[in-house]
Amino acid sequence: MLDLPYPRLLTARLLGEPLSPSHERVMVEWWADPDFSRLVGGPRPRDETRLRLIQAIAEGEALQEPSRGRAWRMTWVLRLRESREWVGWVGLRQLWLAGGRACSEPCSLGEPSAEVFYALAPGVRQQGLATEAATAALREARRLGTLAGRTIGLALPQNLASRRVLEKLGFRANGTLMHAGIPHLLYECRERDRPPSGLTGKDQPLPTESLGRPIGLGMIGAGRYLHDFLAPGLRQQIEKGAVRPTGVVTLRQESASKAASSFGFQFAATGDEGITRLLNDPQTEAVVIATRHDTHAELAAAALRAGRHVLVEKPLALTEPGIEEVQSALAQTRRAQPRRRLQLLTGFNRRFAPLAGPLARALRGRSGPFQLSIVVNARPLPLGHWRSDRSQGGGRLLGHAVHFIDLARFLVDSPFERVEAEGLAGNPENLLIGMAFADGSRAVVHYCPTGDPRLLGEQVWVAGGGLTAWVNNWAALEIRADGETLSQSLPVPDKGFRAELDSFLEAVRNGAPTDVMRADEQFEVARHAIRAADGLKV
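What you see is a predicted model; the values in this text were computed from it and never measured. (Residues numbered from 1 in each chain as written. Predicted model: local features only at pLDDT ≥ 70, side-chain atom pairs only at ≥ 80, totals over all residues. Heavy atoms only, no water.)

Some words on empty space enclosed by the protein
- A complete count under the given rule lists one cavity of 30 Å³ or more for this structure.
- In this structure, the largest cavity encloses a volume near 40 Å³.
- For the largest cavity, the full set of lining residues is Pro315, Leu316, Ala317, Phe348, Leu398, Val402, Ala526, Ala529 and Ile530.
- Within the residue set of the lining of the largest cavity, elements represented by two or more residues are α12 (395–412) and α14 (519–534).
- Of the residues in the lining of the largest cavity, the class split is nine nonpolar, no polar and no charged. (1 Å grid on protein atoms, 1.4 Å probe; cavity = no way out; pocket = protein on both sides within 12 Å on 5 of 7 lines; lining within 4 Å. Points joined across faces, edges and corners; volume = space filled by probe spheres on them. Helix = DSSP H or I, 4+ residues; strand = E, 2+ residues; numbered from the N terminus. Nonpolar A, V, L, I, M, F, W, Y, C, P; charged D, E, K, R; others polar.)

As for the pairing of strand β12 (residues 267–270)
- Only one face of β12 is buried, namely the one carrying Phe267 and Ala269, since none of Ala268 and Thr270 on the opposite face is buried.
- Across four bridges, the pairing between strand β11 (residues 243–250) and β12 is parallel. Among the inter-strand pairings, valine 248 is bridged to a residue of β12, identified as alanine 268.
- Running through helix α7 (residues 253–263), the crossover from β11 to the neighbouring parallel element β12 is right-handed. (Buried < 20%, exposed > 50% of the residue type's maximum accessible area, 1.4 Å probe, protein only. Pairing = 2+ DSSP bridges. Right-handed = clockwise from strand over helix to strand, strands pointing away.)

Details of helix α6 (residues 224–239)
- The terminal C-alpha atoms of α6 lie 21 Å apart, and with 16 residues this matches the ideal 22 Å at 1.5 Å per residue to within 8%.
- The sharpest bend along α6 comes to roughly 75°, located at leucine 230, with the proline proline 232 sitting one to four residues further on.
- Listed as buried for α6 are Tyr225, Leu226, Leu230, Ala231, Gly233, Leu234 and Gln237.
- Elements in contact with the buried residues of α6: β10 (215–220), β11, α7, β13 (286–289) and α13 (497–510).
- Once α6 ends, the next one or two residues include glycine 241, with phi positive near 80°. (Expected span 1.5 Å × (residues − 1). Bend = angle between axes of the 7 residues up to and from the residue. Contact = heavy atoms within 4.5 Å.)

Considerations on the nonpolar core
- Ranked by internal contacts, the top residues of the largest apolar core, which has 107 residues, are Leu397, Ile433 and Met435.
- A total of 11 residues in this core trace back to one element, the largest contributor, which is α12.
- Apart from the residues lying within four places of it in its own chain, the contact partners of methionine 435 are Phe404, Ile405, Ala408, Phe416, Arg418, Val419, Ser441, Arg442, Ala443 and Val445.
- In terms of nonpolar packing, the next biggest core, distinct from the first, is built from 47 residues, Met27, Trp76, Ala130 and Ala133 among them. (Core = buried A, V, L, I, M, F, W, Y, C linked by side-chain atoms within 4.5 Å.)

So, in C-alpha cells, the structure goes:
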C-alpha cells in the first residue's frame with residue numbers, strides 16, 4: 001500500500017503533488033479564472049469545483065483497489081521547484097471510447113484508454129513545462145502499470161499549443177471525438193512492449209544507441225514507396241530530430257542524388273558498392289529496403305547480418321529459401337548480440353491503419369470463430385509490368401494481395417491452417433483467396449483489378465461472436481454489438497504508412513518489438529502466401 005494514492009512527481013523544474021483536499025483553494029481560484037480555464041472547459045463555480053475535486057480524489061484512491069474495476073485518475077498539482085509557486089496541474093484518467101464519445105464508465109463496446117490532461121497558468125506557458133510535466137506523468141503511470149494499450153489526448157482545434165504538446169509527446173492526430181458536448185481533436189499513442197520492470201543492470205535489454213539522439217536511418221531504393229508513401233512520415237521524423245538520414249542507395253546515381261537532396265541524406269551511392277558502404281557505415285543503425293521484390297530477402301538478410309535494424313517493404317521474400325535466409329540472419333545476429341534486440345518489420349502497413357487497431361481490439365474481446373470478407377478494387381497494371389512477373393515481382397498475389405492475407409491474420413489473431421488462391425477465368429491477377437485459421441475462423445479476399453479503376457478502394461466486413469463490423473476504404477469504421485454502435489471516421493483515408501514507420505522507429509529506440517507485428521507472424525504470413533502463390537489455380 002502506498003503512503004499516497006500515487007507517488008509525487010519530480011522533474012527538472014517542477015514538483016507534482018497528488019491531488020488532495022489541501023489543494024481546494026488553489027483549484028477553485030484556477031477554475032474561476034477565465035484566462036486560466038478557458039481552454040479546459042472553464043470557468044466553473046466554487047461548488048462544482050469542490051464536487052469534482054472530491055470525485056477526482058476518490059478516483060485517485062481507486063488505484064489502490066484495482067480489483068473493484070472502478071475508473072481511476074491521477075492528478076498532480078504542480079509548483080515550480082525554485083519559487084514554490086503553484087502553476088497548474090497534469091494527470092491521466094481512465095476513459096472508455098465508444099461511438100465517437102468518451103465515457104467515464106465502462107461500456108461493452110468501449111475501448112479502455114488513458115487520457116493525459118494538463119493545464120498551466122498563463123504566466124508560465126510557452127516554456128515547455130506542459131511537455132515536461134506530461135512526460136513525467138506518463139512515465140510514472142507506465143511504471144505503475146496503469147496505462148491501457150491506448151493513451152489519448154484531447155485538444156480543441158484552436159488550441160495550437162496543446163496540440164504541439166501532444167505531438168512532442170509522440171501522439172498522432174486520429175480524427176475527432178465529442179467531449180463535454182464539444183468536438184475535440186483526438187490524439188493517440190499506443191503503448192509498446194517494454195522490458196519487464198523487475199529486470200535491472202546487465203539483465204535489462206539495451207535500448208538502441210540512438211536513445212537520446214536521432215536514429216541513423218539509411219535507404220536502399222528510392223522509388224514510389226519512398227516518395228509516395230513514406231515521405232510524409234519520414235519528413236516529420238527528420239524535422240522533429242528523431243531521425244538522421246545517413247545514406248541512400250539506388251540503381252542510378254540520378255535517383256540517389258535526388259533522394260539525398262530531398263531528404264537530406266549524407267551520401268548517395270549506387271549498386272553493390274553503395275549497399276556495402278551503407279551497411280558498413282557506423283552512423284547507420286537502421287535501414288529501409290524499398291527495392292524490387294526479388295531483392296528483398298537477400299538485402300534484408302545482409303542488413304541483419306550487419307547488425308542493422310530492418311524495415312523491408314512487402315513481400316519479405318518470393319521463395320521459402322528466401323524466408324529461411326532472413327530468419328537465419330535474424331536468429332544468428334540476435335544470438336550474437338542478445339541484449340541489442342535487433343528489429344525486423346515487414347511493410348504490412350494495413351495493420352497500422354488507425355481504423356485497424358480498434359477493430360482488432362473489438363475482436364480480441366469476443367470469442368470466435370469469425371468470418372471475414374475483404375474486397376479490393378485494385379489498380380490494373382500495364383501489360384508486361386514487372387510486378388506481374390512471378391520471379392521478379394511475385395505476381396499480384398505476393399506483390400500486393402499479400403497485404404490482405406496479413407490483414408486477415410492480424411484481425412483473427414489465430415495461426416493459419418491453410419491459404420489457397422484461385423485466378424478467376426484463367427486470370428492470375430483476378431484473385432479469390434481463401435484462408436482457414438486454427439480457431440475455426442474463415443476469411444476470403446476478393447482481389448479484383450478488372451473493375452472500374454475510378455473506384456479504387458478496400459472494404460472489410462467481419463462478423464462473429466455477436467459482433468458485426470465494416471471498414472470502408474480506411475476512412476470509416478462501424479462496429480455493432482450488444483445493441484451498441486461504435487463509429488469512427490477520418491478526414492481522409494489512412495492506410496497506416498506513417499504509423500508503420502513510427503512503430504518501427506519506436507521499436508528500434510526502445511529495444512522491444514512492435515506490439516502490432518511480431519517476427520514469427522511475419523515469417524508465417526510470408527510462408528503461407530508463397531505456398532498459395534506456388535499453388536495458384538488458374
